[in-house]
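Fold and contact review
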Amino acid sequence: MRDSAEIAAAKAAATTAETVAPPATPLLKVEHVTMRFGGLTAVNDLSFEAHKGDITALIGPNGAGKTTVFNCITGFYKPTEGMITLTQENGDAYLLERMPDFRIAWKARVARTFQNIRLFGGMTVLENLLVAQHNPLMRASGFTFLGVLGIGGYKAREREAIDKARFWLDKINLLDRADDPAADLPYGDQRRLEIARAMCTDPVLLCLDEPAAGLNPRESLDLNRLLLSIREEIGTALLLIEHDMSVVMEISDHVVVLDYGTKIADGTPPQIQEDPRVIAAYLGVDDDEVEQAEAEVGL
């Protein structure tokens, strides 16, 4: 017979096994993705995961393949090899590499912004947020002239769309400029408006391509607050490409580092900051020269 100590240890192990929850299914799973353009390999055998409610940053030197990864996830490119799976809370799974870009946005609910702002400058600030809700408004109209006549549920859906637009304008402090042309906004306000427009599509994953590019320190701080509120209050997962390391290290839960299309690091911000391969990639030196380079630049 086993002694009492062994029995107690067995019970403790059993209790621990019962209380440990299984790992959560990732919202986005990128598996062995490779993207070739002729003889050029822009992304090489890339795998990583992004989870609901997390901010995942994709970083690396210029030309590392970051935007190519975004284009594969959002359907602008079809990867040469690999799988990209998005699994929603209800269990619906979508193989993004097999879907056209408009279905990725509509069915899989993936939204994105671009390096260069792409607002409708001639429309008002409010109209930019309403146009993002075009699909549900068209469905409410029955895809006919019924919306013009206000027949059926169109009027109610239109009020909901306006309320949602007002919610996001209030969140980005632009409610008082709702009727101004979007092109008249300062650059930083345009950046936040573009993010708000993407959020009006109710995405489960929001992909941001260099959202802090061109922002001054105050605008970067406002951006950080907005992105954190989207994660904490709305629960949307964020995947961002960013060169501003103060933004990445302050708000990210998970960082993936690319260099020449290959993943060289994957972890938390503190882990990434201390990784010699990451330091070498950003300083442009070999791994065994990191200490000398750090000393020369005063790190």
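Residues numbered from 1 in each chain as written. Predicted model: local features only at pLDDT ≥ 70, side-chain atom pairs only at ≥ 80, totals over all residues. Heavy atoms only, no water.

Details of the overall build of the chain
Regarding its fold elements, the chain presents 13 helices and 10 strands. The burial tally for the chain puts 43% of its 299 residues in the buried class. Looking at the chain alone, contacts between residues at least 24 apart form 63% of all its contacts between residues at least 6 apart. Accessible surface for the chain amounts to roughly 15500 Å². Of this, 52% is attributable to carbon and sulfur atoms. (Helix = DSSP H or I, 4+ residues; strand = E, 2+ residues; numbered from the N terminus. Buried < 20%, exposed > 50% of the residue type's maximum accessible area, 1.4 Å probe, protein only. Contact = heavy atoms within 4.5 Å. Areas by Shrake-Rupley, 256 points an atom, 1.4 Å probe, with all protein chains shown as cover.)

Observations concerning the pattern of salt bridges
Enumeration according to the criterion identifies 14 salt bridges in this entry. Here aspartate 209 and arginine 112 are joined by a salt bridge, their closest N and O atoms 3.7 Å apart. With aspartate 209 in strand E7 (residues 205-209) and arginine 112 in strand E6 (residues 110-112), this residue pair connects regions lying 97 residues apart in the sequence. Among the residues examined, aspartate 209 registers a relative accessible area of 2% and is labelled buried. Of the charged contacts in the structure, one is a salt bridge between glutamate 232 and arginine 231, with a shortest N-O distance of 3.1 Å. Given a relative accessible area of 57%, glutamate 232 falls into the exposed group. The buried category is assigned to arginine 231, whose relative accessible area is 16%. One salt-bridge network, in which partners are shared between bridges, spans Arg218, Asp222 and Arg225. (Salt bridge = Lys/Arg side-chain N within 4 Å of Asp/Glu carboxyl O.)

Focus on the sheet that holds strand E5 (residues 93-95)
Strand order in the open sheet formed by four strands is E2-E1-E4-E5, and the pairing between neighbours is antiparallel. Taken across any chain shown, the strands that pair with only one partner, and hence form the sheet edges, are strand E2 (40-50) and E5. Sheet twist, expressed as the average angle between the axes of neighbouring strands with direction ignored, equals 20°. Bridging between strand E1 (residues 28-37) and strand E4 (residues 81-87) involves five bridges; their strand directions are antiparallel. Residue pairing for E4: threonine 34 is matched across the bridge by glutamate 81. Helix-sheet contacts for helix H2 (residues 66-73) involve E1, E2 and E4, and the interaxial angle to E2 is about 65°. (Pairing = 2+ DSSP bridges. Axes fitted to C-alpha atoms, helices over the stretch in contact; angles between N-to-C directions.)

A word on the side chain of threonine 34
Within the secondary structure, threonine 34 is located in strand E1. With residues up to four places along the chain from it excluded, the contact list for threonine 34 reads Thr41, Val43, Asn44, Asp45, Pro79, Thr80 and Glu81.

Some remarks on the packing of aromatic side chains
All chains considered together, the criterion is met by three aromatic pairs. Between phenylalanine 37 and tyrosine 77, the ring centres sit 5.3 Å apart and the planes meet at 75°, which makes this aromatic pair edge-to-face. Here phenylalanine 37 is found in strand E1, whereas its partner tyrosine 77 is found in the loop between H2 and E4, with 40 residues between them in sequence. Taking the relative accessible area as the measure of exposure, phenylalanine 37 reaches 35% and is therefore partly exposed. The ring of tryptophan 106 carries lysine 107 above its face, with NZ or CZ at 5.7 Å from the centroid. The ring centre of phenylalanine 114 lies 3.9 Å from the NZ or CZ of arginine 118, which sits over that ring. (Phe/Tyr/Trp six-rings, centres within 6.5 Å; stacked < 30°, edge-to-face > 60°. Lys NZ or Arg CZ within 6 Å of the ring centre and 35° of its normal.)

As for the confidence of the model for the chain
Detailed reading of predicted coordinates is not advised where the pLDDT is low. Here the chain averages 85 in pLDDT, and 80% of its residues register 70 or above. This model gives residues 14-21 a pLDDT under 50, and the stretch forms zero contacts once residues within four places in sequence are excluded. (pLDDT = per-residue confidence, 0-100.)

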